[in-house]
Amino acid sequence: MPQAIQITQFGGPEAMQLVEREVGAPGPGEIRIRHHAIGLNFIDVYQRTGLYKNALPLTLGMEGAGVVEAVGEGVTHLKAGDRAAYASNPPGSYCDVRVMPAKCVCRLPDEIGFDTGAAMMLKGLTVQYLLKKTLPAEGLQPGDAILWHAAAGGVGLIACQWAKALGLQLIATAGSDAKCQLALQHGAAHAINYRSENFVERVKAITGGQGVKVVYDSVGKDTFEGSLDVLRPFGLLASFGNASGPVPPFAPGILGTKGSLYITRATLFSHIATREATQAMADDLFAVVKSGAVKVRIDQRYPLADVARAHVELEARNTTGCSILTL
């Protein structure tokens, strides 16, 4: 019988339980997909703890790759037998087979394996909308310096490579010298160990005191103030995660005193709200991966039943690159 990882209450990794369940036929606008690999992301932790609320019981997971088994009425871009991958709401990818909305599921090119497809969709599409659509008022041009926090993670290592391909000078932060070296190996122009260095001072030194046009920040509470301090006038802070906890309330007036700054709380799911937008972004991601400009690094593989250990290591920031669950 099909299996899934579910929670019946919000909490720690121990809240996740392996259960058996029936999986029926897809309805209108849906597909049934059998996973070959499942992506692991920090948003899964937010949903498990209840920081991001969902109805219970909840099957976690936002990302996967596998083979389409059946399609419902009205689905024309996919058919049974297609290789496919997705990043999609609602959650539910921590399973071997599921029924789900078809609009955010894309046919996976033959050149890209299932493991890579599962590892790259949520993370790669996140980098795509940040570097291509979440831009400072003055835009970004080749040679511009940007700051990217947590640059040795799955999203960060894709960003290092994609930014280099775009001609940007990505300044990476990470929590160890080894992680900084990893970011440099993947295209970062500079790397800062935020545990042993003051990243604000280093960024100012690297940019000759000017600061950067944009900071991409998935860390949240711990880096928020420093991220504002490294922005040049009219710069943008793009907050897209809360690995250290959510950003506390702040007075908007501080943005004026620091140089008429902009701030946005970005999320992938606003950008993939339509079938057309999802496919266009995925096509861009597939192209940069197939070209070799971006290589998707998978450093951790866990059996689906061992997902609790995967969450412990992810929350402790002991992972690098991408993590996947295997079946």
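Residues numbered from 1 in each chain as written. Predicted model: local features only at pLDDT ≥ 70, side-chain atom pairs only at ≥ 80, totals over all residues. Heavy atoms only, no water.

Colleague: Help me out: how do you make sense of the overall build of the protein in this one?
Modeller: The helix and strand tally for the protein stands at ten helices and 16 strands. In terms of principal-axis extent, the alpha carbons of the protein reach across some 60 × 40 × 35 Å. Going through the 327 residues of the protein one by one, you find that 56% of them count as buried. Surface accessibility of the protein: about 13,100 Å² in total, with carbon and sulfur atoms responsible for 52%. Of the side chains in the protein, 30 bear a positive and 29 a negative charge, and the two mean positions are spaced by 3 Å. (Helix = DSSP H or I, 4+ residues; strand = E, 2+ residues; numbered from the N terminus. Buried < 20%, exposed > 50% of the residue type's maximum accessible area, 1.4 Å probe, protein only. Areas by Shrake-Rupley, 256 points an atom, 1.4 Å probe, with all protein chains shown as cover. Lys, Arg positive; Asp, Glu negative; His and termini not counted. Charge placed at Lys NZ, Arg CZ, Asp CG, Glu CD.)

Colleague: What should I look at first to understand the side chain of T207 in this one?
Modeller: Within the secondary structure layout, T207 lies in the loop between α5 (199–206) and β12 (212–217). For T207, the residues in contact, after removing those within four places along its chain, are A145, I171 and V212. (Contact = heavy atoms within 4.5 Å.)

Colleague: Just to check I follow, could you spell out unusual backbone geometry for this structure?
Modeller: Most peptide bonds adopt trans geometry, and most residues besides glycine take a negative phi value. L56 connects to P57 through a cis peptide bond whose omega is -5°. Considering the arrangement of structural elements, one finds P57 in the loop between α1 (42–49) and β4 (58–59). Of the consecutive residues N89 and P90, the connecting peptide bond is found in the cis state with omega at -5°. Structurally, the position occupied by P90 is in the loop between β6 (83–87) and β7 (97–101). Even without glycine at this site, A150 takes up a positive phi of about 55°. Along the polypeptide, A150 turns up in the loop between β9 (145–148) and α3 (154–165).

Colleague: What exactly am I supposed to notice about the state of the cysteines here?
Modeller: One way to say it: the disulfide is the covalent bond shared by the sulfur atoms of two cysteines. Counting across every chain of the model gives zero disulfides. Among the cysteines around C104, which has no disulfide bond, C106 carries the closest sulfur, lying 7.5 Å off. Residue class for C104 comes out buried when judged on its relative accessible area of 4%. (Disulfide = S-S within 2.5 Å.)

Colleague: Which parts of the structure should I look at to understand the packing of helix α2 (residues 114–133) against helix α9 (residues 275–290)?
Modeller: Axis angle and axis distance: for two packed helices, these are the angle between their axes and the distance between the axes, and together they describe the pair. The contact between α2 and α9 brings their axes to 9 Å, and the two run at 100°. The orientation of α2 relative to α9 falls into the category roughly perpendicular. Contacts between α2 and α9 involve M120, M121, G124, L125, Q128, Y129, K132 and K133 from the former and M281, A282, D284, L285, F286 and V289 from the latter. Here the residues of the contact of α2 with α9 are counted per class, giving nine nonpolar, two polar and three charged. (Axes fitted to C-alpha atoms, helices over the stretch in contact; angles between N-to-C directions. Parallel < 35°, antiparallel > 145°, perpendicular 65-115°, else oblique. Nonpolar A, V, L, I, M, F, W, Y, C, P; charged D, E, K, R; others polar.)

Colleague: How should I be thinking about the layout of surface pockets in this particular structure?
Modeller: Where empty space is left becomes clear once a probe the size of a water molecule has been rolled over the atoms. Roughly 870 Å³ of volume is contained in the largest pocket. Lining the largest pocket are 45 residues, with F42, Y46, V155, S218 and F240 positioned closest to its centre. For the lining of the largest pocket, the elements supplying multiple residues, two or more each, are α1, α2, α3, α8 (268–271) and β16 (322–326). Split by residue class, the lining of the largest pocket holds 23 nonpolar, 17 polar and five charged. (1 Å grid on protein atoms, 1.4 Å probe; cavity = no way out; pocket = protein on both sides within 12 Å on 5 of 7 lines; lining within 4 Å. Points joined across faces, edges and corners; volume = space filled by probe spheres on them.)

Colleague: What am I meant to see in the sheet that holds strand β1 (residues 3–7) here?
Modeller: Sheets are built from strands that pair by backbone hydrogen bonding, the pairs being arranged parallel or antiparallel. Across the sheet, which stays open at both edges, the three strands sit in the order β2-β1-β4 with antiparallel pairing between neighbours. The open sheet has two edge strands, β2 (17–20) and β4, and neither has a second partner. When β1 meets β4, the two strands line up antiparallel, connected through two bridges. Across the sheet, residue I7 finds its bridge partner in β4, namely L58. (Pairing = 2+ DSSP bridges.)

Colleague: Where do I start with a nonpolar patch on the surface in this structure?
Modeller: A cluster of nonpolar side chains, contributed by F250, I254 and I263, occupies part of the molecular surface with about 210 Å² of accessible area. Locating I263 in the fold gives a position in strand β14 (residues 262–265). (Patch = residues over 30% accessible without salt bridge, like charges linked within 9 Å, V, L, I, M, F, W, Y side chains within 5 Å. Salt bridge = Lys/Arg side-chain N within 4 Å of Asp/Glu carboxyl O.)

Colleague: When you look at the pattern of salt bridges in this model, what are you seeing that I'm missing?
Modeller: Where charged atoms of side chains with opposite charge meet at close range, the side chains can pair. Within the structure shown, the criterion is met by 15 salt bridges. For the salt bridge of R202 with E197, the shortest nitrogen-to-oxygen distance reads 2.6 Å. Classification of R202 as partly exposed rests on a relative accessible area of 26%. In this structure, R309 and D306 form a salt bridge, with 2.7 Å as the shortest nitrogen-oxygen distance. R309 sits in the partly exposed class, given a relative accessible area of 36%. On the basis of relative accessibility, which here comes to 25%, the residue D306 falls in the partly exposed class. Overlapping salt bridges, with partners in common, bring together R32, R34 and E69 in one network.

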